[in-house]
Amino acid sequence: KIKRARGLGQPDRASIQKLVRRLERNRLSGGLWAWWAKGPANDWISLHVLEALAAAKAAGLEVRELDSETLLQLRLALDRSTDYREQLRRLQILRRLEVTVDFAYYLERLELPEAAPLYHRLQRMDLAADCGLPWSRDSLDAYRRETLSGSVYYDDGKTERSLFYDPIPTTL
């Protein structure tokens, strides 16, 4: 994506496929990944690797199916995590990797706090819609805004800007 965005042409698929294989080889015996080869498993790194594998699969590269140990670790993490952002991210990754999970069950359990930014609410709605589950567009009405020229965007009134929250994705 970066090469294309910078006008540097198409990326070398063979090189990218080698990187995918390297990521797959570096998976630990417990099914997850570490910061460094043979280090202790790390959830944060594991989620980044899984996102990279999902992106590679979506780009048409060959990505091996996740083994049962990795799937078990992801499901256990879903069950034990109390952070809605981690749960949402894991569910999004599992969906992108086309892993069979009871998304209805986990989305029902996924409780967003009142202070959760609109972006997280939209991510949850998008995941529900992608899974063919019911979701309510009515809850967006409170966030709908219009510019002077009539363009529509959604905003929750928060001015916070950070790596993990940016209102730009809520603009249509």
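One structure accompanies this document, and this report is about it. (Residues numbered from 1 in each chain as written. Predicted model: local features only at pLDDT ≥ 70, side-chain atom pairs only at ≥ 80, totals over all residues. Heavy atoms only, no water.)

**Observations concerning the overall build of the protein**
The test is simple: The helix count covers DSSP runs of H or I at least four residues long, the strand count covers runs of E at least two residues long, and both are numbered beginning at the N terminus. Only protein chains enter the accessibility calculation, which uses a 1.4 Å probe; a residue is then buried when its area is under 20% of its type maximum, exposed when over 50%, and partly exposed in between. Only heavy atoms matter for contacts: two residues are in contact if any of them lie within 4.5 Å across the pair.
For the protein, the helix and strand inventory stands at seven helices and two strands. When the helices and strands of the protein are placed in sequence order, the string is α-α-α-α-α-α-α-β-β. Sorting the 172 residues of the protein into buried and exposed places 34% on the buried side. The contacts of the protein with a sequence gap of at least 6 include a subset with a gap of at least 24, amounting to 49%.

**Description of the side chain of glutamine 17**
Inclusion rule: In protein, a polar contact means a hydrogen-donor-capable atom and an acceptor-capable atom, both N or O and within 3.5 Å, with residues adjacent in sequence counting only if both atoms are side-chain atoms; elsewhere, any N or O pair within 3.5 Å suffices.
Of note, glutamine 17 is situated in helix α2 (residues 13-25). Taking relative accessible area as the criterion, glutamine 17 reaches 18% and is therefore assigned buried. At 2.7 Å, the side chain of glutamine 17 forms a polar contact with the backbone oxygen of glutamate 62. The contact partners of glutamine 17, leaving out residues within four places of it in the chain, are Leu61 and Glu62.

**What to know about empty space enclosed by the protein**
What counts, and what does not: Cavities and pockets are defined on a 1 Å grid built over the protein atoms alone: a cavity is a set of grid points where a 1.4 Å probe fits but cannot escape, while a pocket is an open set with protein on both sides within 12 Å along at least five of seven lines, and lining residues are those with an atom within 4 Å of any such point. Grid points are joined across faces, edges and corners, and a volume is the space filled by probe spheres set on the points. Residue type decides the class: Asp, Glu, Lys and Arg count as charged, Ala, Val, Leu, Ile, Met, Phe, Trp, Tyr, Cys and Pro as nonpolar, and the leftover types, Gly among them, as polar.
Within the structure shown, the criterion is met by one cavity of 30 Å³ or more. Taken as a whole, the largest cavity holds about 40 Å³ of empty space. Lining the largest cavity are Leu32, Asp43, Ser46, Leu47, Gln73, Leu74, Ala77 and Arg90. At the level of elements, α3 (43-58) and α4 (68-80) are the ones that each hand at least two residues to the lining of the largest cavity. Along the lines of polarity and charge, the residues of the lining of the largest cavity split into four nonpolar, two polar and two charged.

**So, helix α7 (residues 118-130)**
Short version of the rule: Expected helix span is taken as 1.5 Å per residue step, with the number of steps being one fewer than the number of residues.
Spanning 13 residues, α7 covers 18 Å between terminal C-alpha atoms, matching the ideal 18 Å at 1.5 Å per step. Those residues of α7 lying buried are Leu118, His120, Gln123, Met125, Leu127 and Ala128. On its buried side, α7 packs onto α5 (84-96), α6 (103-109) and β2 (152-154). Just downstream of α7 lies glycine 132, where phi reads positive at about 75°.

**What about the pattern of salt bridges?**
The line we're drawing: Put simply, a salt bridge is a Lys or Arg side-chain nitrogen that is within 4 Å of an Asp or Glu carboxyl oxygen.
Counted according to the given criterion, the structure contains 14 salt bridges. Close ionic contact of aspartate 43 with arginine 80 constitutes a salt bridge, the shortest N to O distance being 3.9 Å. Placement of aspartate 43 in helix α3 and of arginine 80 in helix α4 is noted, with a sequence separation of 37 residues between them. Residue class for arginine 80 comes out exposed when judged on its relative accessible area of 51%. Among the ionic pairs, arginine 90 bridges to glutamate 86, the shortest N-O distance being 3.5 Å. Placement of both arginine 90 and glutamate 86 in helix α5 is noted, with a separation of four residues, approximately one turn of the helix. What makes arginine 90 buried here is its relative accessible area of 2%. Take glutamate 86: its relative accessible area is 36%, and that puts it in the partly exposed class.

Read these as spatial facts, not as claims about activity.
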